[in-house]
Structures are given as structure tokens and as C-alpha cells.
Amino acid sequence: VHLPLPSLIVHFLNISEKSLIMKELFPLDVGISKIRGMIKIIKENGGSLELSKLSSYSEEDIGDLMLLIEATNLLNLSKVKNTTILLTDKGKSLTLANSSKLLKEELIKIEPFRSVIAVVSKGKMTTPEISDYLRSKKMMFHTDERTNSLLLKNLLLNWCIRTKLLKYNNKKDLWCSF
């Protein structure tokens, strides 16, 4: 039995005036190093681990651990069955040397990265412009526009620069394609 993890970060797609569907966005405050650390713990335990043991071994707050697990599921590095987290083939093959390449392959399939890459491929954009574009698609991390822009910028800096999905000019706050 596959138990879906509840998404703490969602966006809404308008289906009709009275109907909304929630769809997952990549979780905030999850970094590549923490993901690699969690994968390492699971690898050291044969590629699968009870969630309670992972919690103990990782010494992560339960909320942070759930976000890490959600991120590794979205990145196709792990899956949860009953109360056990299992590494996928991609998760088993993740190393320091190949992490940027493997993560890049998966990030392009996940929102908001997929939409950001698509819109930035059409031309350079500032973080607020990207944030406005995502807002128009009902994708937001926060209802306050400025806060949403800052959260988005941190997410993109943490994931898109390291995996070479996007380039960033800090002085001009401009994002562009590689």
C-alpha cells in the first residue's frame, strides 16, 4: 500500500468558480545537502528504513523530516510504503558526483520549477516578474506578494543554480536560461 504524504505547500488550479483542486509544489526549506544526508542514512540501512528509525537517526524535527521525505518522493529518490521509506533506483544511485545531474532531471518535472524554466526560456525575468507569472497560474507560497517573491527567490537560488537549470544575476535580480 502506497501512502501519499500530505503536501504542506500547494497551489490551486481553478476548475470552476466553486471548485478547486490542490496540487503539490516543491517544499520550501529543503536543501540538497539534507536530502543527500537522508539518502545516505537510508543507504547505510540497506536501502529501506522504518520512518520512526529515520526520525531517530536523522535527528530532524518531524516537520522538517516530512518535508524531506516529500521532496525525495517528488524527486523520485524514494517512496513510502506503509511505515517504511524505500529508495528508488535513482535514490540508490545518488552520489555527490552525480547529484546535480540526477536532481536536474527530476526538477524539470516538478512545479514550480517546470513553469519557471518554461517562462524564463522565453527571456530574462526578475524574481517579482516570475512570481507574478506563477501567481497568474495560481502557484504561490505566500499570499503576500513580497514574501512570496522572497520565498520563490530562495527556492530558485537553492535548487536552480546548483543544478544549472537557470543563471542568476544578483545585481539586476535577473534570471535566464543556461
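Residues numbered from 1 in each chain as written. Predicted model: local features only at pLDDT ≥ 70, side-chain atom pairs only at ≥ 80, totals over all residues. Heavy atoms only, no water.

S.K.: I'm lost on the pattern of salt bridges in this one. Help?
M.R.: Pairing is possible between side chains of opposite charge, provided their charged atoms come close. Within the structure shown, the criterion is met by 6 salt bridges. In this structure, Lys109 and Glu106 form a salt bridge, with 3.3 Å as the shortest nitrogen-oxygen distance. With a relative accessible area of 48%, Lys109 lands in the partly exposed category. Put simply, Lys90, Lys101, Glu105, Glu106 and Lys109 are held in one network by salt bridges that share partners. (Salt bridge = Lys/Arg side-chain N within 4 Å of Asp/Glu carboxyl O. Buried < 20%, exposed > 50% of the residue type's maximum accessible area, 1.4 Å probe, protein only.)

S.K.: Could you clarify how one ought to interpret the confidence of the model for the protein in this entry?
M.R.: Caution applies to low-pLDDT parts of the model: their predicted coordinates are not meant to be read in detail. Taken as a whole, the protein shows an average pLDDT of 88; of its residues, 87% reach a score of 70 or greater. The model gives residues 1-23 a pLDDT under 50, and that stretch makes 53 contacts with residues more than four places away or in other chains. (pLDDT = per-residue confidence, 0-100. Contact = heavy atoms within 4.5 Å.)

S.K.: I would appreciate a short explanation of the sheet that holds strand S7 (residues 166-169) in the present structure.
M.R.: Within a sheet, adjacent strands bond to each other through the backbone by hydrogen bonds, running parallel or antiparallel. With respect to topology, 3 strands assemble into an open sheet ordered S6-S8-S7, the strand pairing being antiparallel. Only two strands of the sheet have a single partner each, and these edge strands are strand S6 (125-126) and S7. Here S7 runs beside strand S8 (residues 174-177); their pairing, made up of 4 bridges, is antiparallel. In the strand pairing of S8, Asn169 is matched with Leu174. On the sheet, helix H8 (residues 145-161) packs against S7 and S8 and is oriented at approximately 125° with respect to S7. (Pairing = 2+ DSSP bridges. Helix = DSSP H or I, 4+ residues; strand = E, 2+ residues; numbered from the N terminus. Axes fitted to C-alpha atoms, helices over the stretch in contact; angles between N-to-C directions.)

S.K.: Would you explain the pairing of strand S5 (residues 84-87) in this entry?
M.R.: In regular strands, side chains alternate between the two faces of the sheet. Summarising the sheet, strand S3 (residues 48-50) and S5 pair through 3 bridges and their orientation is antiparallel. Paired with Ser48 across the bridge in S5 is Leu86. Sheet topology note: the strand S4 (residues 78-81)/S5 ladder contains 4 bridges and is antiparallel. The partner of Lys79 across the bridge, within S5, is Leu86.

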